[in-house]
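Understanding the architecture of this molecule
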Amino acid sequence: MTTDVMMPALSPTMEEGTLAKWLVKVGDAVKSGDVIAEIETDKATMEVEAVDEGVVESLLVPEGAEGVKVNTPIARLSGEGTAAAPATPPQAAAASTPDVQEKKAESAPPPAPAATKPAVAPQALPEGDTDIPADAKRVKITVRDALRDAMAEEMRRDPGVFLMGEEVAQYQGAYKVSRGLLEEFGDRRVIDTPITEHAFAGLGVGAAMAGLKPIVEFMTFNFAMQAMDQIINSAAKSHYMSGGQIRCPVVFRGPNGAAARVAAQHSQDYAPWYGSVPGLKVVAPYDAADAKGLLKAAIRDPNPVVFLEHEMLYGHEFEIPEVEDWLVPIGRAKVRRAGSSVTIVAYSRMVAVALEAAEALAGEGIEAEVIDLRTIRPLDHETVVKSVMKTNRLVTVEEGWAPMGVGAEVAARVVEHAFDYLDAPPLRVSQADTPLPYAANLEALSLPSAPRVVEAAKAVCYR
Amino acid sequence: MARRAVKTAEKTTTAEQPDKEQLLAFYRSMLLIRRFEERAGQLYGMGLIGGFCHLYIGQEAVAVGMQSVKGPKDQVITGYRDHGHMLAAGMSPRSVMAELTGRFPGASHGKGGSMHMFSAEAGFYGGHGIVGAQVSLGTGLAMANRYRDDGAVAFVYFGDGAANQGQVYESFNMAELWSLPVVYVIENNQYAMGTSVERSSSETHLYRRGSSFNIPGEEVDGMDVSAVRRAGVKAAEHARGGNGPYLLEMKTYRYRGHSMSDPGKYRTREEIDAVRKTRDPIEHLQERLEGQGWLDEATARAIDNEVKSVVAEAAEFARTAPEPEPKELFTDVYVEADA
Ligand SMILES: Cc1ncc(C[n+]2csc(CCOP(=O)(O)OP(=O)(O)O)c2C)c(N)n1
Ligand SMILES: [Mg+2]
């Protein structure tokens, strides 16, 4: 009896990896728990352990092979077939043979759209965009590295800037955003904290009051709920309450929103939560250029800034201008795609969904204008209003819940400032009004998708 | 209330030695968790389980030993490393595995996943994804027990990393102040993701963490199921007797990564192998049973085969069970009025 060892998925978002190294050779006996290979993903090198026992019959993928898809057979074990074999029902034992795998492909839930969508190609910039100098050379970089570079540049520039959070130093960041920072800046400025969000957020605010410029990383914003009191009651209000004497130049940053299949307690969009608080600035970038330029601006800002990243974007590559000290001003939205039929407003990862929908709509003769809010507070409604005056139609897209949400706020501002221009009631596309479910099919149903945006856009166009 | 001295390590009583039947049951139970978790890891690798999946491999003796102490009305609550606790609590491997694959017959109808499972029937209150939250919740379970005066004890499990959260200490204070019937079990597997206890804790002897609240604490070899049980009996008696909370620090170890996507660079392979070789809770018990003449090779193999087939059957069930109907997206958000 033989068993195939499959290329494993080592993280919720992994689709393929490099088989960096074989640690066993043909003829070796392995048992469950033995490390048989090393695999590299975009985040890290990891060890693969055997689950079954047996003797290595063949290695099906050579060392160094790149782009090995999850679930392709990488090695074959011949089972010694003693204890395990007879007791294991045939289907389960065969779970790893190719034929059952095909069945699995049919019956398995379709992966959530979030997990499979390729990076949306950077759009040609519309006329009149002043952010990126026309003659600037462009380089490709992931959002993850853009964020890291932003922190590194600001730490070089200002000795008062430091980073603290769970696993930011030795582990290099739970999502590898702080990779290399400990090595460059040492443990005085790149600080691993215990799991104590409420208190380390408070420490960050206190250090900021004393004149430092802390970057407080939350492993994800879900855990910042432990710290919300310090963010809102201390960071946001102290300047006001002190009659302008106290400043809190602190940045709270980390991934926000839904990753893939991590369920209700780990998948929430906090943009509307923080967006409603005066005294805070709230930023939620989409591409690498904005991630870098806005993070640098956030670190320099004399106010507390909540900086919402997205795990699903970390690995995406975008072009970024190669200019020294690349800064993007907080508080300005960006027209990502010009169009005249309908205005679609989105932020963070939902910009990708909006752009995908716009492509599909173009195929049906509807030219959507896609606006990336980039900053949630202060909200640049002027850019949105200007667009709606042209298109007369508004669709908003957000990953969070619709009630009291960002879309509701955008729609209210449009109604306030351009009521007479609207040819249809604005529509909001959002997460279903339930906690995020774990099951793959329900998760896919729950989250906004390009087809749902297309549907909404058509509805406001009465098509 | 009189101040109590903080208990230190060792000095666990030998009030009661588990007999052959009980030890064999522990052996099977630990083996079931081990094989279940190995299979879960495999299903994750095949893409059948998504999101975060935290395996309990290495820590089996804690859940199994403590569960043997639990009375019928007692409650259990833990964090996201919960599969072993649920199996030990008697939840069916099928329902746990089917929840891992996000299918309708799963313990939470596929809506919770690995980190969020519950069983009202088994007195298992979750399954919580936010580090430390279960400590206050579990103290609340104990508060209800005290309120009703029904003699039930809440068993509250959390990790060495969770032991640094502020709400843990806010809860400790109230638990002792109000003499709540709760046993706090710190599963000290020495790491919180990539951070060792030494790098995160000013007091690394976690059993002393209750001392400024006058909660007695004890260090226990969490790799020895009999030691776990002994300590558990004593702690539960203390709590049930109206004496307030008791704190057990279980020295244990996780063999696998924190979750499936842990590159594991913060410790060496040798460190893991050394624990597996010298302290493995299952092998440890197997040797002891063999030494007593209570287990021979054939019986061990028969138990292993039986456990493997239970797990294989659960995996097959979880692989083929239907997903929730689309309408389930909107159910259970609110309690439906009992019509
Ligand atoms: C409030 C909060 N902060 C951070 C996290 C991310 N996180 C999940 S598990 C974990 C480590 C916990 O370690 P420990 O308490 O020792 O338990 P173990 O994983 O070792 O069982 C962290 C930091 C979280 N889930 N919740
Ligand atoms: Mg731990």
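Residues numbered from 1 in each chain as written. Chains lettered and ligands numbered in written order. Predicted model: local features only at pLDDT ≥ 70, side-chain atom pairs only at ≥ 80, totals over all residues. Heavy atoms only, no water.

Another point: the coordination of the magnesium ion (ligand 2). Residue and element names in this part refer to chain B. Bound to the magnesium ion (ligand 2) on the protein side are Asp-160 (OD), Asn-189 (OD1) and Tyr-191 (O), at distances that span 2.1 Å. Counting along the primary sequence, the residues that act as donors to the magnesium ion (ligand 2) give the motif D-x28-N-x1-Y. On the criterion of sequence distance, the pair formed by Asp-160 in the loop between β2 (154-159) and α6 (166-177) and Asn-189 in the loop between β3 (182-188) and β4 (191-192) is long-range, its members being 29 residues apart. (Donors = N, O, S within 2.8 Å, 3.2 Å for Na, K, Ca; no water. Helix = DSSP H or I, 4+ residues; strand = E, 2+ residues; numbered from the N terminus.)

For any two aromatic rings, the description comes down to two numbers: the centre-to-centre distance and the angle of the planes. Residues and elements named next belong to chain A. Inspection of every chain in the model, using the stated rule, returns 18 aromatic pairs over all chains. Seen in terms of ring centroids, Phe-221 and Tyr-274 are 5.9 Å apart; in terms of plane orientation they differ by 70°. Their pairing is edge-to-face. One end of the pair, Phe-221, is in the loop between β12 (213-217) and α8 (228-235); the other, Tyr-274, is in helix α10 (residues 271-275), and 53 residues separate them in sequence. Each of the two residues, Phe-221 as well as Tyr-274, counts as buried. One aromatic cluster in this structure is built from Phe-200, Phe-218, Phe-221, Phe-252, Tyr-270, Trp-273 and Tyr-274. Here the basic side chain of Arg-261 rests over the ring of Tyr-438, its NZ or CZ set 4.2 Å away from the ring centre. (Phe/Tyr/Trp six-rings, centres within 6.5 Å; stacked < 30°, edge-to-face > 60°. Buried < 20%, exposed > 50% of the residue type's maximum accessible area, 1.4 Å probe, protein only. Lys NZ or Arg CZ within 6 Å of the ring centre and 35° of its normal.)

Let's shift gears to the layout of surface pockets. Of the volumes computed, that of the second largest pocket is approximately 800 Å³. Grouping the amino acids of the lining of the second largest pocket by side-chain chemistry returns 12 nonpolar, 14 polar and 3 charged. (1 Å grid on protein atoms, 1.4 Å probe; cavity = no way out; pocket = protein on both sides within 12 Å on 5 of 7 lines; lining within 4 Å. Points joined across faces, edges and corners; volume = space filled by probe spheres on them. Nonpolar A, V, L, I, M, F, W, Y, C, P; charged D, E, K, R; others polar.)

Residues and elements named next belong to chain A. Interhelical geometry of helix α7 (residues 197-209) versus α8 gives an angle of 25° and a closest axis separation of 8 Å. In terms of their interaxial angle, α7 and α8 are classed as roughly parallel. The two elements α7 and α8 meet at a crossing, and its hand is right-handed. Taken together, the residues of α8 that come into contact with α7 (itself represented by His-198, Ala-201, Gly-202 and Val-205) are Asp-229, Gln-230, Ser-234 and Ala-235. (Axes fitted to C-alpha atoms, helices over the stretch in contact; angles between N-to-C directions. Parallel < 35°, antiparallel > 145°, perpendicular 65-115°, else oblique. Left-handed = near helix turned anticlockwise from the far one by under 90°. Contact = heavy atoms within 4.5 Å.)

Let us look at the nonpolar core. By size, the foremost hydrophobic cluster in this structure holds 104 residues, and its most contacted members are Val-190 and Ile-344 of chain A together with Phe-158, Phe-172 and Tyr-184 of chain B. Looking at this core element by element, the count peaks at 9 residues for helix α13 (residues 350-362) of chain A. In contact with Val-190 of chain A, other than residues within four places in its own chain, are Met-155, Leu-163, Val-168, Ala-169, Leu-181, Leu-182 and Phe-185 of chain A. Of all hydrophobic cores here, the second largest spans 76 residues; its members include Val-76, Ala-231, Tyr-266 and Ala-314 of chain B. (Core = buried A, V, L, I, M, F, W, Y, C linked by side-chain atoms within 4.5 Å.)

Attention now goes to the site of ligand 1. Of all residues adjacent to ligand 1, which total 22 residues, the nearest are Glu-197 of chain A together with Tyr-80, Arg-81, Ala-162 and Asn-189 of chain B. Neighbouring residues of ligand 1 are not confined to a single chain but are spread across chains A and B. In the environment of ligand 1, a nitrogen atom lies 3.0 Å from a nitrogen or oxygen atom belonging to the backbone of Val-131 of chain B. Between ligand 1 and the protein, one listed contact pairs an oxygen atom with a backbone N or O atom of Ala-162 of chain B at 2.8 Å. In the complex, the protein chains occlude 95% of the 580 Å² of accessible area that ligand 1 would expose alone. In the shell around ligand 1, the residues fall into 10 nonpolar, 8 polar and 4 charged. (Near = heavy atom within 4 Å. Polar contact = N/O pair within 3.5 Å; in protein donor to acceptor, adjacent residues only side chain to side chain. Areas by Shrake-Rupley, 256 points an atom, 1.4 Å probe, with all protein chains shown as cover.)

All names here are of chain A. Applying the stated criterion across every chain, the model contains 5 cavities of 30 Å³ or more. One number sums up the size of the second largest cavity: a volume of about 80 Å³. Around the second largest cavity, the lining is made up of 13 residues, and of these Thr-220, Gly-257, Ala-259, His-266 and Glu-311 lie nearest the centre. Here the residues of the lining of the second largest cavity are counted per class, giving 6 nonpolar, 6 polar and 1 charged.

Contacts between chain A and chain B engage 64 residues on the former and 62 residues on the latter. In this assembly, chain A packs against chain B so that about 5300 Å² is buried in total across both faces, 56% of it on carbon and sulfur atoms. Arg-199 of chain B is the salt-bridge partner of Asp-192 of chain A, the closest N and O atoms lying 2.9 Å from each other. For the pair chain A and chain B, the interface holds 16 residue pairs in polar contact (both at pLDDT 80 or more). Listing elements by their share of the side of chain A that touches chain B, those giving two or more residues are β5 (45-49), α1 (84-87), α2 (90-93), α3 (98-107) and α16 (440-446) of chain A. (Buried area = accessible area lost by both parts, 1.4 Å probe. Salt bridge = Lys/Arg side-chain N within 4 Å of Asp/Glu carboxyl O.)

All names here are of chain A. Here the structure, examined in full by the defined rule, presents 49 salt bridges over all chains. For the salt bridge of Glu-154 with Arg-300, the shortest nitrogen-to-oxygen distance reads 2.9 Å. Taken as a pair, Glu-154 in helix α5 (residues 143-157) and Arg-300 in helix α11 (residues 288-300) lie far apart in primary sequence, 146 residues in all. Exposure remark for Glu-154: the relative accessible area of 1% places this residue in the buried category. According to the relative accessible area criterion, Arg-300 is partly exposed, its value standing at 23%. A salt bridge links Arg-413 to Glu-409; the nearest nitrogen and oxygen atoms lie 2.7 Å apart. In this pair, Arg-413 and Glu-409 both sit in helix α15 (residues 406-418), 4 residues apart, roughly one turn of the helix. Overall, Arg-413 belongs to the partly exposed group, its relative accessible area being 21%.

Cis geometry is adopted by the peptide bond preceding Pro-378 of chain A, which originates at Arg-377 of chain A and carries an omega value of 0°. As for its position among the elements, Pro-378 of chain A is in the loop between β20 (375-377) and α14 (381-391). Although it is not a glycine, Ala-263 of chain A adopts a positive phi angle of roughly 70°. Here the phi dihedral of His-109 of chain B falls at roughly 55°; this positive angle occurs in a residue that is not glycine. Within the secondary structure, His-109 of chain B sits in the loop between α4 (93-100) and α5 (133-148).

Taken together, the side chains of Glu-283, Glu-287, Glu-290 and Asp-296 of chain B present a region of like negative charge at the surface. Judged by relative accessible area, Glu-290 of chain B falls into the partly exposed class, the value being 35%. (Patch = residues over 30% accessible without salt bridge, like charges linked within 9 Å, V, L, I, M, F, W, Y side chains within 5 Å. Lys, Arg positive; Asp, Glu negative; His and termini not counted. Charge placed at Lys NZ, Arg CZ, Asp CG, Glu CD.)

Attention now goes to the pairing of β2 of chain B. Residue and element names in this part refer to chain B. In terms of burial, β2 is largely enclosed, as 5 of its 6 residues are buried. Where strand β1 (residues 75-77) and β2 come together, 3 bridges link them in parallel fashion. When the bridges of β2 are listed, Ile-77 appears paired with Val-156. A crossover links β2 with its parallel partner β3, the connecting element being α6, and its sense is right-handed. (Pairing = 2+ DSSP bridges. Right-handed = clockwise from strand over helix to strand, strands pointing away.)

Attention now goes to the confidence of the model for chain B. All names here are of chain B. Predicted confidence across chain B gives a mean pLDDT of 94, with 95% of residues reaching 70 or more. Low pLDDT, under 50, characterises residues 1-14; the predicted model gives this stretch 27 contacts beyond four residues in sequence or across chains. The complex prediction reports pTM at 0.87, with the ipTM value standing at 0.90. (pLDDT = per-residue confidence, 0-100.)

Looking at chain A, the pLDDT average stands at 88 and 89% of residues meet or exceed 70. In the model, residues 81-130 of chain A has pLDDT below 50 throughout and makes 67 contacts with residues more than four positions away in sequence or in other chains.

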